Amino acid sequence: DNSAVSASLQEQAVEEPEEADYADTDMVRVSIVMETASTVGAGFATEDIAHNNAAMSYRAGLVKEQSGVQAKIEKATGEKLDVVWNLTLAANIISANVAYGEIETIKAVDGVQDVVLEAKYEPCVVEKEEVSTPNTATSSHMIGTPAAYAAGYTGTGSRVAIIDTGLDMDHQSFSAAGYEYSMALQAAKADMTLDNWMEHIGALTVQEIEKVLPLMNVKERVPNVTGADLYKNTKVPFGYNYIDNQSAYVDHDRDQQGGHGSHVAGIAAANRYIHNADGTFSEAVHSVGAVGVAPDAQLVIMKVFGINGGAYDADYLAAIEDAIILGCDSVNLSLGSAYPGFRRSATYEALFASFADSDIVMTISAGNSGHWAAAAQHAAPGYLYADDVSM
């Protein structure tokens, strides 16, 4: 479920999200794409972009420009625009809820390049009655992690963003105690205190979040949110629910979206050490049979499936932009849909392809909720020869 979509996807056929038979008065979520390039699209590197004054100045100009375009849209439609997100970092998009019949009017507004319907995604959750035995202790050998560990690479100092259903905050594999124990061992080898080591490796802290928070989409949606609200612990230094727009919970205990986020986070960064009930620590690979590929990495949890349902395109893109501001090294998304093949619009497909040239590693699950043969049974003539069949 963690297989990456390569940049070569942009060369294949891309399907626009299928437009259902909407009435003009039906409300739909759309991305209003601006003509001006986004901050990243203008050539600014994603690495440390929050501290790039020129990049942030350019971005501020886009915010001002969007405000002007919004005013023009409202004048043209005679309605106040129901804006969900103003995206200006990775994309230059106003995400809004509009009446379907207003789309052509909005397209004609000066400064608007296009208006595309946003796809909505649901988490891919499979219910199983039987209990499966974790096998991540052996699967890591298949991808060469022992060689990485031997060279000293265990994820220390890395930040991995998981854009999914959230995280089981009480799970033994994500405990702050287990993470800090591993960091303390490394600090001792470097003849440092734990605090000095955490600063040395550049661990994400509440203070750093506070500094960049004014630049984040989270702050736009919830103006009174603080770094302390978003900071959970040393292992999970950031957590926010982008669907329900609150920071109080980022787990999946209060909704029906499933534990897929914990599953993915465990593959990426389940701790090397388990904090036992008697206060001791044991190696996770032996005691619980599960350890992450980068067990010493920090987890940035961005919940995009919640009480209010699943994510639209701009919802997860808002999270991606915040992950860039937070200096995440990699971002993982698992976005499922019943459509076999490409579901994103050409606009979003091109946007994701552009991340291949950035300083951030973007991985997106290719999907494993079905198989091609079953879909082909109900396909239209010629489906077998399409470029984007779900294999």
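Parameters at a glance
- Residues numbered from 1 in each chain as written.
- Predicted model: local features only at pLDDT ≥ 70, side-chain atom pairs only at ≥ 80, totals over all residues.
- Heavy atoms only, no water.
- Helix = DSSP H or I, 4+ residues; strand = E, 2+ residues; numbered from the N terminus.
- Buried < 20%, exposed > 50% of the residue type's maximum accessible area, 1.4 Å probe, protein only.
- Contact = heavy atoms within 4.5 Å.
- Areas by Shrake-Rupley, 256 points an atom, 1.4 Å probe, with all protein chains shown as cover.
- Phe/Tyr/Trp six-rings, centres within 6.5 Å; stacked < 30°, edge-to-face > 60°.
- Lys NZ or Arg CZ within 6 Å of the ring centre and 35° of its normal.
- Pairing = 2+ DSSP bridges.
- Axes fitted to C-alpha atoms, helices over the stretch in contact; angles between N-to-C directions.
- Core = buried A, V, L, I, M, F, W, Y, C linked by side-chain atoms within 4.5 Å.
- Expected span 1.5 Å × (residues − 1).
- Patch = residues over 30% accessible without salt bridge, like charges linked within 9 Å, V, L, I, M, F, W, Y side chains within 5 Å.
- Salt bridge = Lys/Arg side-chain N within 4 Å of Asp/Glu carboxyl O.
- Lys, Arg positive; Asp, Glu negative; His and termini not counted.
- Charge placed at Lys NZ, Arg CZ, Asp CG, Glu CD.
- Parallel < 35°, antiparallel > 145°, perpendicular 65-115°, else oblique.
- Left-handed = near helix turned anticlockwise from the far one by under 90°.
- Nonpolar A, V, L, I, M, F, W, Y, C, P; charged D, E, K, R; others polar.

Peer 1: Quick question: what am I supposed to make of the overall build of the protein chain here?
Peer 2: A tally of regular secondary structure across the protein chain gives 14 helices and 11 strands. Looking at the protein chain residue by residue over its 391 residues, the buried ones come to 47%. Counted over contacts in the protein chain with a minimum sequence separation of 6, partners at least 24 positions apart contribute 76%. Accessible surface for the protein chain amounts to roughly 18600 Å². Of this, 50% is attributable to carbon and sulfur atoms.

Peer 1: Help me out: how do you make sense of the packing of aromatic side chains in this one?
Peer 2: We describe a pair of aromatic rings using the distance from one ring centre to the other and the angle between the two ring planes. Tallied over the full model, the rule gives nine aromatic pairs. Their ring planes at 35° and their centres at 5.0 Å tell us that Tyr22 and Tyr100 sit as a pair that is tilted. Taken together, the positions of Tyr22 in the segment before strand S1 (27-34) and Tyr100 in the loop between strand S3 (93-99) and helix H2 (103-107) put the pair 78 residues apart, joining distant regions of the chain. What makes Tyr22 partly exposed here is its relative accessible area of 33%. Between Phe352 and Phe355 the ring centres are 5.9 Å apart and the planes differ by 65°, which places this aromatic pair in the edge-to-face class. For the pair Phe352 and Phe355, one class covers both residues: buried. Through successive ring pairs, a cluster of aromatic residues spans Tyr121, Tyr316, Phe352 and Phe355. Over the face of the ring belonging to Trp85 we find Arg221, whose NZ or CZ atom lies 4.5 Å from the ring centre.

Peer 1: Would you explain the sheet that holds strand S4 (residues 112-117) in this entry?
Peer 2: In a beta sheet, neighbouring strands are held together by backbone hydrogen bonds and run either parallel or antiparallel to one another. Strand order in this open sheet of four strands is S2-S3-S1-S4, and the pairing throughout is antiparallel. This sheet does not close on itself; its edge strands, each paired only once, are strand S2 (82-87) and S4. Averaged over all neighbouring strand pairs, the angle between strand axes comes to 25°, with direction disregarded. Of the strand pairs in this sheet, S1 and S3 are connected by seven bridges, and their pairing is antiparallel. Within S3, the residue paired with Ile32 across the bridge is Ile94. The strands that helix H12 (residues 313-325) touches are S1, S2, S3 and S4; relative to S2, the one it contacts most, it runs at about 35°. In the packing of helix H13 (residues 346-354) onto the sheet, contacts are made with S1, S3 and S4, and the angle to S4 comes to roughly 105°.

Peer 1: Help me understand the nonpolar core in this model?
Peer 2: One broad trend across soluble globular proteins is that nonpolar side chains are buried collectively. By size, the foremost hydrophobic cluster in this structure holds 57 residues, and its most contacted members are Phe238, Met302, Ile320 and Leu326. With nine residues, H12 is the largest single contributor of residues to this core. Among residues more than four places away in sequence, those in contact with Ile320 are Ile163, Val331, Leu333, Phe352, Phe355 and Met362. Among the nonpolar cores identified, the runner-up in size contains 17 residues, and Val69, Leu81, Val109 and Val115 belong to it.

Peer 1: What should I look at first to understand the environment of Pro295 in this one?
Peer 2: Assignment of secondary structure puts Pro295 in the loop between helix H11 (284-287) and strand S9 (298-303). Distance in space between the C-alpha atoms of Pro295 and Thr156 is 8.0 Å, their sequence separation being 139 residues. Once residues lying within four places of it in the same chain are set aside, the contact partners of Pro295 are Tyr149, Thr154, Lys235, Ala268, Ala269, Ala270, Asn271 and Arg272.

Peer 1: What exactly am I supposed to notice about helix H10 (residues 260-269) here?
Peer 2: Every α-helix winds through 3.6 residues per turn, so residues three or four apart in the chain are directed the same way. Counting buried positions over the 10 residues of H10 gives eight, a clear majority of the element. Within the span of H10, buried status applies to His260, Gly261, Ser262, Val264, Ala265, Gly266, Ala268 and Ala269.

Peer 1: It is not clear to me how helix H5 (residues 176-189) should be interpreted in this structure. Could you clarify?
Peer 2: Compared with an ideal rise of 1.5 Å per residue, which puts 14 residues at 20 Å, H5 spans 20 Å between its outermost C-alpha atoms and is within 8% of the ideal. In this fold, the buried residues of H5 make contact with helix H6 (194-200), strand S7 (273-275), strand S8 (281-283) and S9. One or two positions beyond H5, positive phi appears at Asp191, with a value near 55°.

Peer 1: Before we go on, may I ask you to explain a negative patch on the surface in this structure?
Peer 2: A cluster of acidic residues, Glu47, Asp48, Asp329 and Asp359, forms a negative patch on the protein surface. With respect to the helices and strands, Asp48 occurs in the loop between S1 and helix H1 (53-77).

Peer 1: Sorry if this is basic, but what is going on with a nonpolar patch on the surface here?
Peer 2: Together, Met142, Ile143 and Val293 make up a nonpolar patch on the protein surface, roughly 330 Å² of accessible area in all. Residue placement: Ile143 occurs in the loop between helix H3 (136-142) and helix H4 (145-150). We classify Ile143 as exposed; its relative accessible area is 59%.

Peer 1: I tried to follow unusual backbone geometry on my own but got confused; where do I start?
Peer 2: Negative phi values dominate among residues other than glycine, just as trans dominates among peptide bonds. In this structure, Asp48 is a non-glycine residue whose phi angle is positive, near 55°. Even without glycine at this site, Asn245 takes up a positive phi of about 55°. Looking at where Asn245 falls in the secondary structure, it is placed in the loop between strand S6 (238-241) and H10.

Peer 1: Teacher, can you tell me more about the environment of Ala148 here?
Peer 2: Residue position: Ala148 is located in helix H4. Between the C-alpha atom of Ala148 and that of Ala294, which follows or precedes it by 146 residues, the distance is 9.5 Å.

Peer 1: Mind showing me how you'd approach the packing of H12 against H13 here?
Peer 2: The angle between the axes and the distance between the axes are what describe a pair of packed helices. H13 packs onto H12 with a crossing angle of 20° between their chain directions and a minimal axis gap of 12 Å. Taken together, the axis directions place H12 and H13 in an arrangement best described as roughly parallel. Crossing of H12 over H13 shows left-handed handedness. From H12, Asp313, Ala314, Tyr316, Leu317 and Ile320 reach across to H13, where they touch Tyr348, Leu351 and Phe352. Among the residues making up the contact of H12 with H13, the classes are represented as seven nonpolar, no polar and one charged.

Peer 1: I keep staring at the sheet that holds strand S5 (residues 159-164) and nothing clicks. Help me out?
Peer 2: Strand order in this open sheet of five strands is S6-S9-S5-S10-S11, and the pairing throughout is parallel. On the outer flanks of this sheet lie S6 and strand S11 (361-364), each paired with one strand and no other. Neighbouring strand axes in the sheet, compared pairwise and without regard to direction, differ in orientation by 15° on average. Bridge count for S5 against S9 is six bridges, and the pairing is parallel. Paired with Ala161 across the two strands is Val300, which belongs to S9.

Note that every value here comes from positions in space, so none of it alone points to a role or purpose.
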